[in-house]
Amino acid sequence: MQNIFTLSTTGPGLYEFTKDVVSWVAGKDVKSGLITLFVRHTSCSLLIQENADPEVQTDLQAYFSRLVPKTDDPSMSYLNHTYEGPDDMPAHIKAAMMPVSLSVPVVNGQLALGTWQGIYLFEHRDRPHTRPIVAHVAV
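Being a predicted model, the structure only gives us computed values, none of them experimental. (Residues numbered from 1 in each chain as written. Predicted model: local features only at pLDDT ≥ 70, side-chain atom pairs only at ≥ 80, totals over all residues. Heavy atoms only, no water.)

Asker: Hey, could you go over the side chain of Gln61 for me, with residue numbers and the actual values?
Answerer: On the secondary structure map, Gln61 appears in helix H2 (residues 54-67). For Gln61, a relative accessible area of 18% puts it in the buried group. (Helix = DSSP H or I, 4+ residues; strand = E, 2+ residues; numbered from the N terminus. Buried < 20%, exposed > 50% of the residue type's maximum accessible area, 1.4 Å probe, protein only.)

Asker: Describe the packing of aromatic side chains, naming the residues involved and giving the relevant values.
Answerer: A full pass over the atoms with the stated rule returns 4 aromatic pairs. For the pair Phe5 and Phe17, a centre-to-centre distance of 6.1 Å together with 55° between the ring planes defines the contact as tilted. Pair noted here: Phe5 is in strand E1 (residues 2-9) and Phe17 is in the loop between strand E2 (13-16) and helix H1 (18-26), with a separation of 12 residues, a long-range link. Among the residues examined, Phe17 registers a relative accessible area of 1% and is labelled buried. (Phe/Tyr/Trp six-rings, centres within 6.5 Å; stacked < 30°, edge-to-face > 60°.)

Asker: Report on the sheet that holds E2, specifying residues and quantitative values.
Answerer: Taken together, 3 strands build an open sheet; the order of strands is E2-E7-E4 and the sheet is antiparallel. Both edges of this open sheet fall to E2 and strand E4 (44-50), since each of them pairs with a single strand only. Neighbouring strand axes in the sheet, compared pairwise and without regard to direction, differ in orientation by 35° on average. Both E4 and strand E7 (residues 117-123) contribute to a ladder of 7 bridges, which runs antiparallel. The partner of Glu50 across the bridge, within E7, is Gln117. (Pairing = 2+ DSSP bridges. Axes fitted to C-alpha atoms, helices over the stretch in contact; angles between N-to-C directions.)

In structure tokens form, the structure reads like this:
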């Protein structure tokens, strides 16, 4: 069983799509299995992260922006890949540091996420994008 979730982003940040995944799995009548999510791009990531306090997402974005600044920052002058904009190569670096795929068990027909866990696309680029995420359930 497969599906493609398409997320539209408006710039850097975490975009939760847990409810979409939960609804899709519920409609497949899967009692137990494993769902794998894979983002089909090289400048964003997938994360399972806290979904109770929005400051977590804000702080993660701030941390990674500080850890890997844009190429117009003097500390990044050693980078060569700059022709797609000052946010592009840092986005590739961030995507190399974080997962582009996730696996979540399905137990008794439900995702086995913890109480405060949500599934997020972490957009690393400045401008809006459409991000396809392939979902596959193995039973």
